Amino acid sequence: MKAFGPIPSRRLGRSLGVNNIPAKVCTYSCVYCQVGRTTAMELERRPIYPPQVIADDVATKLESARRQGEDADYITFVPDGEPTLDVNLGLELELLRPLGVPLAVITNSSLISREDVRAELARADWVSLKVDAVDEEAWRRVNRPHGKLRLNAMLDGMRAFAADFNGTLATETMLVRGLNDEPADIARVAAFLTELRPATAYLSVPTRPPAEGTVEPPSEETLARAYDAFVAAGLATELLIGYPGDPFAFTGDVEEDLLSITAVHPMREEAVAELLAKAGAEWAAVERLLDAGLLAAVEFGGRKFYVRRFEKGD
């Protein structure tokens, strides 16, 4: 299935996720990506999955969640890669509209210089734009973009989108120690974000296993300085540094739930245990997935996480 959750979201409450992009297909290969290194760097938009399949999967997952006493505050496109690579994104948003749940898209902003991408994103109720850096060197260090992407065109595209979008606009800036957390880096991002006037400018740090083992969050002092800089620029700022909690939804098949969630969202050990308890399942379900090579256990920040493993072509 191309839908997962609902999962706890620090921004959107209970979010039913839409995974409209195959594993590790992206325009970026961010050093902190919780899905892992990008193995298929792409830039051209193309059809991915049949739009009606996406819509049917989401409707089925939502119905299953509701049967279990769960619901969703948002349906969110937050896939294994960049959602706007899907040329049918706009159609999928329209097909999901009759479900009556607000629609969200979390994008890395890499293709927003394209008019068609801006038009399709405008069909959502809530859009988050990634802005980790606005100078070339820091952008390349943190996001490791496709070689044909141009930062200035992206920044202009974000300005154009923000000027016309009638929904709720948010931005997210991930800070990584030593890569984009210098005072000058932060000041430049804050100044740019004032042009976009987001409803909320989120500052985040790596909290789940990253693509690169050298990735570390910034110091508390640096994070506090960044927050102060954003607020001083007049931005409504929130920190995304806490754990969103363990209430992942059980929708009827615990192994399918585990695989669909961990494909996009690594789960802490205690979150897995809570999901199993909801399902009335034993830890043996996790052991089966580990033995089959479909799930892996990794350590980050002194905690154990479970992540989906993929073979080539998955």
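Residues numbered from 1 in each chain as written. Predicted model: local features only at pLDDT ≥ 70, side-chain atom pairs only at ≥ 80, totals over all residues. Heavy atoms only, no water.

### Re the side chain of Ser29
- With respect to the secondary-structure elements, Ser29 resides in the loop between β3 (25-26) and β4 (40-41).
- Note on Ser29: relative accessible area 9%, which makes it buried.
- Excluding anything up to four places from it in sequence, Ser29 contacts Arg37, Thr38, Met41, Asn143 and Arg144. (Helix = DSSP H or I, 4+ residues; strand = E, 2+ residues; numbered from the N terminus. Buried < 20%, exposed > 50% of the residue type's maximum accessible area, 1.4 Å probe, protein only. Contact = heavy atoms within 4.5 Å.)

### Points about the state of the cysteines
- Under the counting rule described, the total for this entry stands at 0 disulfides.
- Here Cys26 is not cross-linked by a disulfide; its sulfur's nearest cysteine counterpart is in Cys30, at 6.5 Å.
- Cys26 gets classed as buried once you look at its relative accessible area, which sits at 10%.
- Not part of a disulfide, Cys33 finds its nearest cysteine sulfur in Cys30, a span of 6.4 Å.
- Taking the relative accessible area as the measure of exposure, Cys33 reaches 22% and is therefore partly exposed. (Disulfide = S-S within 2.5 Å.)

### Some details on the pairing of strand β6 (residues 103-107)
- Of all 5 residues in β6, 5 are buried, a share of seventy percent or more.
- Taking every second residue as pointing to the same face, both faces of β6 are buried, with Leu103, Val105 and Thr107 on one and Ala104 and Ile106 on the other.
- Pairing of strand β5 (residues 74-77) with β6 involves 3 bridges; the strand directions are parallel. Across the sheet, Phe77 pairs through a bridge with Val105, a residue of β6.
- Taken together, β5, helix α2 (residues 89-96) and β6 form a β-α-β motif whose crossover is right-handed.
- Crossover handedness for the path β6 to helix α3 (residues 115-121) to strand β7 (residues 126-130): right-handed. (Pairing = 2+ DSSP bridges. Right-handed = clockwise from strand over helix to strand, strands pointing away.)

### Comments concerning the pairing of strand β8 (residues 168-174)
- Burial analysis of β8 places 6 of its 7 residues in the buried class, which makes it a mostly covered element.
- Relative to β8, β7 is paired through 5 bridges, and the arrangement is parallel. Within β8, the residue paired with Leu129 across the bridge is Thr171.
- You can see the chain leave β8, run along helix α6 (residues 183-196) and come back into strand β9 (residues 200-204), and the turn it takes is right-handed.

### Thoughts on the packing of aromatic side chains
- This model, assessed by the stated rule, comprises 2 aromatic pairs.
- Consider the rings of Tyr28 and Trp139, whose centres lie 6.4 Å apart with planes at 70°: the pair is edge-to-face. Here Tyr28 is found in the loop between β3 and β4, whereas its partner Trp139 is found in helix α4 (residues 136-143), with 111 residues between them in sequence. Each member of the pair, Tyr28 as well as Trp139, carries the same accessibility label: buried.
- Here the aromatic rings of Phe161 and Phe165 are separated by 4.8 Å at their centres, their planes lie at 25°, and the arrangement is stacked. (Phe/Tyr/Trp six-rings, centres within 6.5 Å; stacked < 30°, edge-to-face > 60°.)

### Focus: the nonpolar core
- Leu193 and Phe230 are the most contacted members of the largest nonpolar core, which has 66 residues in total.
- Apart from residues lying up to four places away in sequence, Phe230 is in contact with Thr173, Ile186, Val189, Ala190, Leu193, Ala201, Leu203, Leu235 and Thr237.
- By size, the runner-up hydrophobic cluster in this structure holds 16 residues, among which are Phe4, Ile7, Met267 and Ala271. (Core = buried A, V, L, I, M, F, W, Y, C linked by side-chain atoms within 4.5 Å.)

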